[in-house]
Structure formats: C-alpha cells, structure tokens
Amino acid sequence: MNPPNLFSPPLYLQRYQFVVEFVRSSDPRKVMDLGCADCSLLRKLKFHRHGIEVLVGVDIDCAAIRQRAHALAPLSSDYLRPSPRPLTIELYQGSVTEREPYTRGFDLVTCIELIEHLELWEVERFSDVVFGYMTPCAVIISTPNAEFNPLLPGLKGFRHNDHKFEWSRTEFQTWALGVCRKYGYSVEFTGVGEAPGRDREVGFCSQIGVFRRDADESNAPMSSTRREPTVYRLLYKVVYPSLCDNNIFQRILVSEVLYMAESLKRQWLVDEQGIPTDFTSHTHGLPSEEVRQVGEVEDGVAEGPVVYRHGSWVCVPLQGVWASPRVQALCGDIQQLQQALLDDSRVQLNAERNAVMLPDENEVEEEDEVEKDECEEGESALRPMKDSAEEDWETELG
C-alpha cells in the first residue's frame, strides 16, 4: 500500500534510491536482487550501476519476470558509447528458500519488501540460505513497519493481501540481531518514509536493515570459474557492449581517432590555406574546443603538433590526436595508441608511424574534374560517329 499523496517521492522510489546510494558508496561488483518481481530495482541499478558488472534478479513468479525483462535490454546509447566496464544481467526463476550454488560469492544481496511474503517458518529457512549459505558481503532487507500502519488512511489489517506478517521495529530488530549472532554479521537499522510532525516517534514506514559480514567470517576465495545454475532456471540474459570487448574497443578508438584527425585537418586547411569551410554542412562542423586547444597560438608561435601535406595526403601527427580527452581515456599513453592503430586497416599511418594520413579532398576533387573532362571529350569524339551510323542505317533502310 502506498497512498498517492502521503510520500514524495513515492515510498517505493525512496527504497530504490536507498539501494542506489549504497551502491554508490560501497561499489559492489556483483549484485543480486531477491524477489525482483517486475525488475524495477534492476532497471534503476542498470542506469546507476557504478562498478556493477553482474546484475542478477531472482523471483518465484516466472510471468512477472518475463513481462518486464525486455526493459533491461541495452539502449542505442549503450552501443554508441559503450561503458568501460562489462555488465551482464541475468534473471532467474527460483525460490529464496532454496540453495543455489550460483548465488554464492555476491557482494550485495537486496531483499526489498520480500520477507513479509514468506511464512514465518520460511523466514528461518530464508535466513539460513542468504546468510549461512550465500554469505554475501552485504545484505539490504526492507520490510513494513507495523507501528506506522495506523497512520495510513483507510488501512485495515496488513498493507497487502499476500503479507503473512508485518513486524514492529522491536520484532524486526530482534530477528536481525539473532541472524547476526548466528551467521557472523553486523547490522545497522534505518528506513525510508518519515512520519509527519509528532508522529515521527513511530519510526519509518519501511524499516531497513543493512547487514555487513564480519571480517573474520569471510569465506575462502571463491573460484573464478563460471558456475552454471543447477536449481534456478535462467529466463533472460543480456551482455552489454563494453570496452572490455576488443572489437568494440577498437571500433570506438578508430572512430574517435578519425574524428579528431579530420577535425584537425579541416581546421588546418582553413587556417593555413584559407580554404572556405561550409559550416552549415554536416561534413564540416565548427572546430571543437579540443581542436582549438591543439591549434592555440601564443605570442605568434603555434603550439602543439603541426599538420602538414605529403603529396595528395594531409598528415595529422598522433600527438595532436592524443590531445582528445576521449582518446586519452581509451589509451594509457601515445605509444599504446600507436600500437593499437598499426594493424587496423581503417587508419593509415605515415612511414614514421607518428601521423595519421588523410586524403586531401581538394586533390581528389581536381582528379575528379580531370576525369570528368576526359570523359566529356571522349563522348564528344564518339558522338559524330554515332550520328553518322544512324544516318547510314536510315539510308540503308530507305
């Protein structure tokens, strides 16, 4: 139950934002959401993933997962600007009271408004599976605070017809502290959804426990070998494009290099040769700040590498291309950039391998004009023969 005007932002968004803030501060690599339902929290973490590389959702309701799984697919922007770090999203059908070997070794497990849907006897099994078997580094559990219920207009009984129980703060804390003693965790209590005014003494509408595994209770290092699920059933999996994929990395790098080199070449043609540039054309954009910085002039002396002509080619030094922050973010140093471009047929380097060679459009246009003139002359020379042949045929046929 979430009355529309009682909380702003809505209570469920406050719970999700709490998890996002925890992810931002703790930087987990592998995160699992138990009871993911319509994948709303997973969708939010997809956009605020920070260091997350594996994002897993588990729910017993197969239909709920399948209905919203498509919302976790990569967007066009994910392909145009791949993330530096990989991301794999997987959705499974499974029960939180079953032991699944694949679930071990996660950095964070979230259970948002889940445990109240279990029978009390199942909560004990849930505790053993999550804290005793999965043993993640951190666990976030939220559940309704029964003490807040009298403040919810029109509420009779539990907040949802599927809730098996709703705990007071004392009941939740008693259970949580017992789990910590048994399985080697510590817990901090907080919540979201504050009561207004003098009613704040009843606590938060949703109470939250943040569990952290004790240092001396750490498991032996988990094997890096990929384990396949043996109990849960995989329903959906997607691997996001990332710069960890060498093919994607090379494509993005070449694109950035050619963009920067073309920009420097056009600016050089304008500045050094006075060639007019059509800035309204999509092929001739205004020089970027990066290009301006490379070509800055101070006290009449041009700073940075000098673009030069070599035959019908314009050579742009790699040092100039390296001035692009995006190129620097992709390669650790200019030597690494040079090595990455050597074996790529899409980029042509000069003999010294210190400059990108780009064709001079003016030379190409002149060659095209010569070819065009030659073709027109050839057509003119052939045209009388063609006309004469047609007249002969007409005479022949009478």
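All of these numbers come straight from a predicted model, not from anything done at the bench.

**Digging into the overall build of the protein**
- Of the regular secondary structure elements, the protein holds 12 helices and 13 strands.
- The buried share of the protein, taken over its 398 residues, is 43%.
- Counting only contacts in the protein whose residues sit at least 6 apart along the sequence, the fraction spanning at least 24 positions is 74%.
- In the structure as shown, the protein presents an accessible area of about 22,100 Å², 50% of it carried by carbon and sulfur atoms.

**Description of the nonpolar core**
- Of all hydrophobic cores here, the largest spans 39 residues; its most connected members are Leu 45, Leu 55 and Leu 91.
- Secondary-structure elements contributing two or more residues to this core are α1 (11–26), α2 (40–47), α3 (62–68), β3 (88–93), β4 (108–112), β5 (138–144), β7 (206–213) and β8 (233–239).
- Looking at which element gives the most residues to this core, the answer is α1, with 6 residues.
- Excluding its chain neighbours within four sequence positions, the residues that come into contact with Leu 55 are Val 31, Leu 42, Leu 45, Lys 46, Leu 87, Thr 88, Ile 89 and Glu 90.

**Quick notes on helix α6 (residues 169–183)**
- Here α6 contains 15 residues, and its C-alpha end-to-end distance of 21 Å stays within 8% of the 21 Å for a straight helix at 1.5 Å per residue.
- Looking at α6, one finds that the buried residues are Phe 172, Trp 175, Ala 176, Val 179, Cys 180 and Tyr 183. The buried residues of α6 occupy an angular sector of 140 degrees when projected down its axis, which confines them to one face. Projecting away from the buried face of α6 at angles above 90 degrees are the exposed residues Thr 170, Thr 174, Arg 181 and Lys 182.
- Buried positions along α6 lie against α5 (120–134), β5, β6 (185–192) and β7.

**Focus on the sheet that holds β3**
- Taking strand neighbours across the sheet as the criterion, the 8 strands line up as β6-β7-β5-β4-β1-β2-β3-β8 in an open arrangement whose pairing is mixed. Where the open sheet ends on each side, the last strands, each with one partner, are β6 and β8. Here the strands of the sheet are splayed against their neighbours by 15 degrees on average, with no regard to which way each runs.
- In this sheet, β4 lies alongside strand β1 (residues 30–34) in parallel orientation, the contact comprising 3 bridges.

**So, the confidence of the model for the protein**
- Per-residue confidence for the protein averages 83 on the pLDDT scale, and 78% of its residues sit at or above 70.
- Predicted confidence is poor over residues 220–224, with pLDDT under 50, and the contacts of this stretch with residues over four places away or in other chains come to 3 contacts.
- Confidence drops under a pLDDT of 50 for residues 385–398, and excluding neighbours within four residues, the segment shows 0 contacts in the predicted structure.

**A look at unusual backbone geometry**
- In this chain, Ser 8 is followed by Pro 9 through a cis amide linkage whose omega measures 0 degrees.
- Tracing the backbone through its elements, the reader meets Pro 9 in the segment before α1.
- Its identity as a non-glycine residue notwithstanding, Cys 39 has a phi of 70 degrees, on the positive side.
- Within the element layout of this structure, Cys 39 appears in the loop between β1 and α2.
- The residue Glu 113 is not glycine, and still its phi comes out positive at about 55 degrees.
- Positionally, Glu 113 belongs in the loop between β4 and α5.

**With respect to the packing of α5 against α6**
- Running from N to C, α5 and α6 point in directions that differ by 45 degrees, and their axes come no closer than 11 Å. As summarised for this structure, α5 and α6 are arranged oblique, according to the angle between their axes. Once α5 is placed against α6, the crossing between them reads as right-handed. Note on element contacts: α6 touches α5 through Trp 175, Val 179 and Tyr 183, opposite Val 123, Phe 126, Ser 127, Asp 128, Phe 131 and Gly 132.

**A word on the environment of Tyr 308**
- Within the secondary structure, Tyr 308 sits in strand β11 (residues 308–310).
- Residue classification places Tyr 308 among the partly exposed residues on the basis of a relative accessible area of 32%.
- Taking the C-alpha atoms as reference, Tyr 308 lies 8.5 Å from Trp 268; in sequence the two are 40 residues apart.
- Once residues within four sequence positions are removed from consideration, Tyr 308 is found in contact with Trp 268, Trp 313, Val 314, Cys 315, Asn 350 and Ala 355.
- A polar contact of 3.2 Å, which involves the side chain of Tyr 308, links it to the side chain of Asn 350.

**Some remarks on the sheet that holds β11**
- Read across the open sheet, the 3 strands follow the order β11-β12-β13; overall the sheet is antiparallel. With partners counted over all chains shown, the strands left at the sheet margins are β11 and β13 (355–359), one partner each. For this sheet the average axis-to-axis angle between neighbouring strands, irrespective of direction, equals 35 degrees.
- With 3 bridges joining them, β11 and strand β12 (residues 313–317) adopt antiparallel strand pairing.

**With respect to α5**
- Taking 1.5 Å as the rise per residue, α5 with 15 residues should run 21 Å; its terminal C-alpha atoms sit 20 Å apart, in good agreement.
- Residues Glu 122, Val 123, Phe 126, Ser 127, Asp 128, Val 129, Val 130, Phe 131, Tyr 133 and Met 134 constitute the buried set of α5.
- Phi for Thr 135, located one or two positions after α5, is positive at around 45 degrees.

**Re the pattern of salt bridges**
- Applying the stated criterion to the full structure yields 15 salt bridges.
- Lys 164 is the partner of Asp 162 in a salt bridge, and the nearest nitrogen-oxygen pair spans 3.1 Å.
- Looking at Lys 164, the relative accessible area reads 34%, which means it is partly exposed.
- Residues Arg 266 and Glu 262 are paired through a salt bridge, measuring 3.9 Å at the closest nitrogen-oxygen approach. Residue Arg 266 and its partner Glu 262 are both found in helix α7 (residues 246–273); the two are separated by 4 residues, about one turn of the helix.
- Accessibility expressed as a relative area gives 25% for Arg 266, which makes it partly exposed.

Rules used throughout
Throughout, residues of each chain are indexed from 1 in the direction in which the sequence is written. Predicted model: local features are reported for residues with pLDDT of at least 70 only, side-chain atom pairs are reported and counted for 80 or more only, and whole-chain, interface and lining totals are derived from all residues. In computing side-chain values, all of the structure's heavy atoms are included and hydrogens and water are not. Every helix listed is a DSSP run of H or I at least four residues long, and every strand listed is a run of E at least two residues long, numbered separately from the N terminus. Categorising residues by exposure relies on relative accessible area from a 1.4 Å probe, with only protein chains included: less than 20% of the type maximum marks a residue as buried, more than 50% marks it as exposed, and the intermediate range marks it as partly exposed. Here, two residues are considered to be in contact whenever any of their heavy atoms come within 4.5 Å of each other. Note on areas: Shrake-Rupley, 1.4 Å probe, and residue coverage restricted to the protein chains presented here. Nonpolar cores were defined as sets of buried Ala, Val, Leu, Ile, Met, Phe, Trp, Tyr and Cys residues, with membership established by side-chain atoms within 4.5 Å. To estimate how far a helix should reach, multiply one less than its number of residues by 1.5 Å. The reported arc concerns the directions from the helix axis to the C-beta atoms and nothing else. Strands are labelled as partners when DSSP assigns at least two bridges between them. Axes, fitted as lines to C-alpha atoms, cover a helix only where it is in contact. Angles between the N-to-C directions of the axes lie from 0 to 180 degrees. Confidence scores per residue from the predictor, reported as pLDDT, run from 0 to 100. By the definition adopted for this analysis, an angle is roughly parallel if under 35 degrees, roughly antiparallel if over 145, roughly perpendicular if from 65 to 115, and oblique otherwise. Left-handed describes a crossing whose near helix is turned anticlockwise from the far helix by less than a right angle; the clockwise case is right-handed. Any pair of nitrogen or oxygen atoms within 3.5 Å is treated as a polar contact; in protein, a donor-acceptor pairing is required on top of that, and neighbouring residues in sequence qualify only through side-chain atoms on both sides. The working definition used for a salt bridge is a side-chain nitrogen of Lys or Arg within 4 Å of a carboxyl oxygen of Asp or Glu.

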